[in-house]
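# Structural characterization, general
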Amino acid sequence: KLLLALHALWLQVRALYHSNRAEDILGDEMTSDQWDIRQSILRSCRFWFFLVEAERCINAGLTVYEREDPEKRRAHTKALLLLGRAKLRDRQRLGVIVRKNVEVACRLLPEIELTAPKQAIRVARDCGDLILSYTFERGDQERGIDLMEQAKHLARKEGAHDQIAKIDAILRRHGLLEAA
């Protein structure tokens, strides 16, 4: 088991090295989309220093997003960066901060549905999942379920069957769907 853990760490360190090299090469030219991809990869790593780097990427991505030409901005990028931050805070069990980021991402959903329907599936799914995890107010569970159903509807419409399976797995985890 120790060898397996060391091998996993080595692979993650290597991923960080290559990610840093890409940042060194692109420098200030990195787009908010590229920052989003980078934070997503780093967030999948389990060691704290990767998560710190992921947080830095999220902040950089949101800063670049605000500076980008409004005509070139993509709402789904901002939503995915905010959801990345929410997932980092979820690991720390900081529900109020999770909720604030999710709320902003949810407000972007109508625009995302029009411009990037496949990304809207991911945003609705992740918003629904996080809302179901943090039900603070009456109606939160219904809202979370509605977002999951919206994601499922979009997935069917777009033919994204892999997303339907992910949505069902999330609903099962929350006890809202019977095991297959």
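See the structure above.
An account of the accompanying structure is given in this report.

The rules behind each value
Residues numbered from 1 in each chain as written. Predicted model: local features only at pLDDT ≥ 70, side-chain atom pairs only at ≥ 80, totals over all residues. Heavy atoms only, no water. Helix = DSSP H or I, 4+ residues; strand = E, 2+ residues; numbered from the N terminus. Rg over C-alpha atoms; globule rule 2.2 N^0.38 Å. Buried < 20%, exposed > 50% of the residue type's maximum accessible area, 1.4 Å probe, protein only. Contact = heavy atoms within 4.5 Å. Areas by Shrake-Rupley, 256 points an atom, 1.4 Å probe, with all protein chains shown as cover. Salt bridge = Lys/Arg side-chain N within 4 Å of Asp/Glu carboxyl O. Polar contact = N/O pair within 3.5 Å; in protein donor to acceptor, adjacent residues only side chain to side chain. Core = buried A, V, L, I, M, F, W, Y, C linked by side-chain atoms within 4.5 Å.

### Regarding the overall build of the protein
Across its full length, the protein carries 8 helices and 0 strands. Starting at the N terminus and ending at the C terminus, the protein contains elements arranged as α-α-α-α-α-α-α-α. The C-alpha atoms of the protein give 17 Å as radius of gyration, which agrees with the globular expectation for 180 residues (16 Å, within 12%). A buried classification covers 43% of the 180 residues belonging to the protein. Sequence-distant contacts, at least 24 apart, represent 57% of the contacts inside the protein between residues at least 6 apart. Carbon and sulfur atoms make up 55% of the accessible area of the protein, which totals about 10,600 Å².

### Examining unusual backbone geometry
Its identity is not glycine, yet R93 carries a phi of approximately 60 degrees, on the positive side. Checked against the element boundaries, R93 lands in the loop between α4 (75-91) and α5 (95-115).

### Remarks on the pattern of salt bridges
Oppositely charged side chains may form a pair once their charged atoms are brought near each other. One pass over the structure, following the stated rule, counts 14 salt bridges. The salt bridge involving D33 is made with R74; its shortest N-O contact spans 2.4 Å. In this pair, D33 is assigned in helix α2 (residues 32-43) and R74 in the loop between α3 (48-67) and α4, connecting sequence segments 41 residues apart. Between R173 and D129 there is a salt bridge, with the nearest N and O atoms lying 2.9 Å from each other. Highlighted residues: R173 in helix α8 (residues 161-173) and D129 in helix α6 (residues 117-133), separated in sequence by 44 residues. A residue is classified by how much of its surface remains accessible, and D129, at 14% relative accessible area, is buried. Here the salt bridges share partners, and the residues they tie into one network are R99, E103, D140 and R143.

### Examining the environment of R125
Along the polypeptide, R125 turns up in helix α6. Under the relative-accessibility criterion, R125 is labelled buried at 9%. Counting along the chain gives 25 residues from R125 to Q150, while the straight-line C-alpha distance between them is 8.2 Å. Apart from the residues lying within four places of it in its own chain, the contact partners of R125 are M148, A151, Q163, K166, I167 and I170. At 2.3 Å, the side chain of R125 forms a polar contact with the side chain of Q163.

### Here we look at the nonpolar core
L83, V102, I112, V123 and C127 are the most contacted members of the largest nonpolar core, which has 31 residues in total. Of all the secondary-structure elements, those providing two or more residues to this core are α4, α5, α6, α7 (140-158) and α8. Among the elements that take part in this core, α6 stands out by supplying 8 residues, more than any other. Among all residues touching L83, those that are not within four sequence positions of it are V102, A105, V123, D126, C127 and L130. Grouped together as the second largest cluster of nonpolar side chains are 16 residues, M30, F50, L81 and L88 included.

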